[in-house]
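An overview of the molecular structure
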Amino acid sequence: MSKQIIFFSMMAVAVAFSSVINAGSLPKTVYTPEDRQIFDRYIAYIGPWQSAHTDSLLEKTALFFLDTPYVPHTLEMPGEEKLVVNLREFDCTTFVESVIALVRTARSDNPDFDTFLNELQCIRYRGGNLQGYTSRLHYTSDWLYDNEKKGLLKNRSAGLGGIREEKTIDFMTTHRDAYRQLKDDDMLLRQMQVIENNINERNGFYYLSKRSIADKTSIIPHMSVVAFSTSIAGLDVTHMGFTFRKGGRLSFVHASSTRKKVVVDQKNLNDYCAGQSSCTGIIVAVVN
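My aim in this report is to walk through the structure given alongside it, one point at a time. Here the structure is a predicted model, which is why all the values come from computation and not from measurement. (Residues numbered from 1 in each chain as written. Predicted model: local features only at pLDDT ≥ 70, side-chain atom pairs only at ≥ 80, totals over all residues. Heavy atoms only, no water.)

This part takes up the pattern of salt bridges. Summed over all chains, the structure comprises 13 salt bridges. One salt bridge in this structure joins Glu119 and Arg104, with 2.7 Å as the shortest N-O distance. Of this pair, Glu119 sits in helix 4 (residues 113-124) while Arg104 is found in helix 3 (residues 92-106), placing the two residues 15 residues apart along the sequence. In this structure Arg104 comes out as partly exposed when scored by relative accessible area, which is 23%. Sharing partners across several salt bridges, the network here consists of Asp35, Arg88 and Glu89. (Salt bridge = Lys/Arg side-chain N within 4 Å of Asp/Glu carboxyl O. Helix = DSSP H or I, 4+ residues; strand = E, 2+ residues; numbered from the N terminus. Buried < 20%, exposed > 50% of the residue type's maximum accessible area, 1.4 Å probe, protein only.)

This part is about the pairing of strand 6 (residues 205-209). Within a regular beta strand, the side chains point alternately toward one face of the sheet and then the other, so they alternate between its two faces. Among the 5 residues in strand 6, 4 count as buried, and that is most of the element. Across 3 bridges, the pairing between strand 5 (residues 163-165) and strand 6 is antiparallel. By the bridge assignment, Glu165 is partnered in strand 6 with Phe205. Here strand 6 pairs with strand 11 (residues 279-287) via 2 bridges, running antiparallel. (Pairing = 2+ DSSP bridges.)

Scanning the entire structure with this criterion turns up 0 disulfides. Cysteine Cys92 shares no disulfide, and the gap to the nearest cysteine sulfur, in Cys279, comes to 13 Å. Given the relative accessible area of 1%, Cys92 is considered buried. Here Cys122 is not cross-linked by a disulfide; its sulfur's nearest cysteine counterpart is in Cys92, at 20 Å. For Cys122, a relative accessible area of 22% translates into the label partly exposed. (Disulfide = S-S within 2.5 Å.)

With that settled, the discussion passes to the nonpolar core. Judged by nonpolar contacts, the single largest core of 50 residues is most densely connected at Leu87, Phe95, Ile100, Phe116, Trp143, Val225 and Phe242. In terms of residue count, the dominant contributor to this core is helix 3 (9 residues). Leaving out residues up to four positions away in the same chain, Phe116 has contacts with Phe39, Val85, Leu87, Ser98, Ala101, Leu102 and Thr105. Judged by nonpolar contacts, the second largest core, of 14 residues, contains Leu160, Leu208, Ile213 and Ile220. (Core = buried A, V, L, I, M, F, W, Y, C linked by side-chain atoms within 4.5 Å. Contact = heavy atoms within 4.5 Å.)

Attention now moves to helix 2 (residues 54-64). An α-helical turn contains 3.6 residues, so a residue and the one three or four places further along point in the same direction. Those residues of helix 2 that fall on the buried side of the exposure criterion are Thr54, Leu57, Leu58, Thr61 and Ala62. On an axial view of helix 2, the arc spanned by its buried residues comes to 125 degrees, and they lie on one face. The inward-facing, buried residues of helix 2 abut helix 1 (33-46), helix 3, strand 8 (237-246), strand 9 (249-256), strand 10 (261-264) and strand 11. (Arc of directions from axis to C-beta.)

Here the focus is the packing of aromatic side chains. Summed over all chains, the structure comprises 16 aromatic pairs. Ring geometry for Tyr31 and Phe113: centres 4.9 Å apart, planes at 70 degrees, overall edge-to-face. On the criterion of sequence distance, the pair formed by Tyr31 in strand 2 (residues 28-31) and Phe113 in helix 4 is long-range, its members being 82 residues apart. Taking the relative accessible area as the measure of exposure, Tyr31 reaches 10% and is therefore buried. The buried category is assigned to Phe113, whose relative accessible area is 3%. On the numbers, 6.4 Å between centres and 45 degrees between planes, the contact of Tyr42 with Tyr45 is tilted. With Tyr42 and Tyr45 both in helix 1 and 3 residues apart, this pair spans about one turn of that helix. Overall, the relative accessible area of 0% leaves Tyr42 in the buried class. An aromatic cluster of at least three residues, connected via ring pairs, comprises Tyr42, Tyr45, Trp49, Phe64, Phe65, Phe90, Phe95 and Phe242. (Phe/Tyr/Trp six-rings, centres within 6.5 Å; stacked < 30°, edge-to-face > 60°.)

Set out below in structure tokens:
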């Protein structure tokens, strides 16, 4: 995933992107003509449900992207940090971000591409401001915290009976060689250390332990953001998607690295977590 990258070899960017400078507060934005076409198709598709409840809009939007290819590290562009728009392929985090941004765009008074760009930037960057690589919300617990502060989400993990995880979050700076931007830039490394220190000063985050998921299944909301907490040292979360309830069964829809595309997972949420040795449980947050 793009926010927690565990010992990877950076992939070469093989797609020729179109870059545009947008008016207003948006920085340089990177997308292709196909991304614009997908956006236009989505807006036409979602029109009949524009006034539907948020969970219905999230479901329709997530299902619109079924079978879209999974590609890791889609935000890791060369050069300065840019707002990368890629609706042709997703990693798990960009799938969640794009779905939420599209839903917020569809509900807006002006559901055009510029609105989508603004919504995506707001979700992806601390305080909604793109100010370089370290302004991106790399750690999912930080992403959840910041988007709750912005009023976009409500973390329900504590209220669902979650327990507090107080581990130290420092994976990025203790594995700097895994990150192109941090590998040889001591200033960026120090900036990232400050961000990690700020995260750690919050005294951890709440999550539902994997042993408790089965008992909580009936009260976990449909189309909540679900993030999978981990026992890996220094790391908070390794994967994310949306819960997906159908016929009394609670699974999740996500950009799957195993199946290489966006899917509704074949396993229910409890069985999926039980089968992941490093998974300690889940964080659950409702989209406002």
